[in-house]
Amino acid sequence: MTTSTSAEPTRRDFLYIATGAVAGVGAVATAWPLISQMNPDASTIAAGAPIDVDLSPITEGQAIKVFWRGKPIYIMNRTKKQIEEARAVNVASLPDPQTDQARVKEGHDQWLIVIGICTHLGCIPIAHEGNYDGFFCPCHGSQYDSSGRIRQGPAPANLPLPPYAFTADTKIKIG
Ligand code: FES
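Here the structure is a predicted model, which means the values were calculated and not measured.

## Some remarks on the pairing of strand 5 (residues 126-129)
Pairing analysis gives three bridges linking strand 5 to strand 6 (residues 134-136), with the strands arranged antiparallel. Within strand 6, the residue paired with Glu129 across the bridge is Gly134. From the end of strand 5 to the start of strand 6, which pair antiparallel, there are four residues, and Gly130 there has a positive phi angle of about 90 degrees.

## Observations regarding the environment of Ser93
Mapped onto the elements, Ser93 comes out in the loop between helix 4 (80-88) and strand 4 (111-115). Classification of Ser93 as exposed rests on a relative accessible area of 52%. On a C-alpha basis, the gap between Ser93 and Arg151 in space is 9.3 Å, while along the polypeptide they are 58 residues apart. Here Asn90 takes part through its backbone oxygen, which lies 2.6 Å from a polar atom of the side chain of Ser93.

## Quick notes on the nonpolar core
Judged by nonpolar contacts, the single largest core of 15 residues is most densely connected at Val53, Leu55, Ile73, Ile75, Ile172 and Ile174. Those elements giving two or more residues to this core turn out to be strand 1 (51-54), strand 2 (63-68), strand 3 (71-77), strand 4, strand 9 (164-168) and strand 10 (171-174). Take this core: its biggest share by element is three residues, from strand 4. Residues contacting Ile174, with those up to four places away along its chain left out, are Pro50, Ile51, Val53, Val66, Trp68, Ile73, Ile75, Pro162, Pro163 and Tyr164.

## Quick look at the sheet that holds strand 10
The strand order across the open sheet formed by three strands is 1-10-9, and the pairing between neighbours is antiparallel. Lying at the two open borders of the sheet, with one neighbouring strand each, are strand 1 and strand 9. Averaged over all neighbouring strand pairs, the angle between strand axes comes to 30 degrees, with direction disregarded. Bridging between strand 1 and strand 10 involves four bridges; their strand directions are antiparallel. Residue pairing across strands places Asp54 opposite Lys171, the latter belonging to strand 10.

Reading the values: the criteria
- Residues numbered from 1 in each chain as written.
- Predicted model: local features only at pLDDT ≥ 70, side-chain atom pairs only at ≥ 80, totals over all residues.
- Heavy atoms only, no water.
- Pairing = 2+ DSSP bridges.
- Helix = DSSP H or I, 4+ residues; strand = E, 2+ residues; numbered from the N terminus.
- Buried < 20%, exposed > 50% of the residue type's maximum accessible area, 1.4 Å probe, protein only.
- Polar contact = N/O pair within 3.5 Å; in protein donor to acceptor, adjacent residues only side chain to side chain.
- Core = buried A, V, L, I, M, F, W, Y, C linked by side-chain atoms within 4.5 Å.
- Contact = heavy atoms within 4.5 Å.
- Axes fitted to C-alpha atoms, helices over the stretch in contact; angles between N-to-C directions.

Structure below.
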């Protein structure tokens, strides 16, 4: 039985490999291989390598979709209205009670980052659709709010949050 971490290359592994290549040949000749080796290839990303996402092109009110481990990840730059709506909800009335604050990173309240897979039967919900300014799943009508919490329909749980961290004010690392 292997552990879950042993099969997954880490950022440190890439740095180590890249450093080894530089030591073997001249620094000028290896400048490009160093850069290319530090970007994991598609198969490595599919296997679970973290991905870096620059949030700066995403304007207020926009949502984009990226893929991590083959899963769609929605990144939404929420408007003040969306944040206010999410925070005005009586949490106890929710099917899967969670505060909005628990679903975003402190100090980065406008950024909602969720795995875009419906918790009912796995369809991909559509952003900015439905009655709650969040997500609508066209398969059986589940509706999620601007915090990605289930509000209506058969889905039993909120949209899951991927592991991520802010590495700068407008940069995140997912995974
Ligand atoms: S899969 Fe989304 S509502 Fe059924």
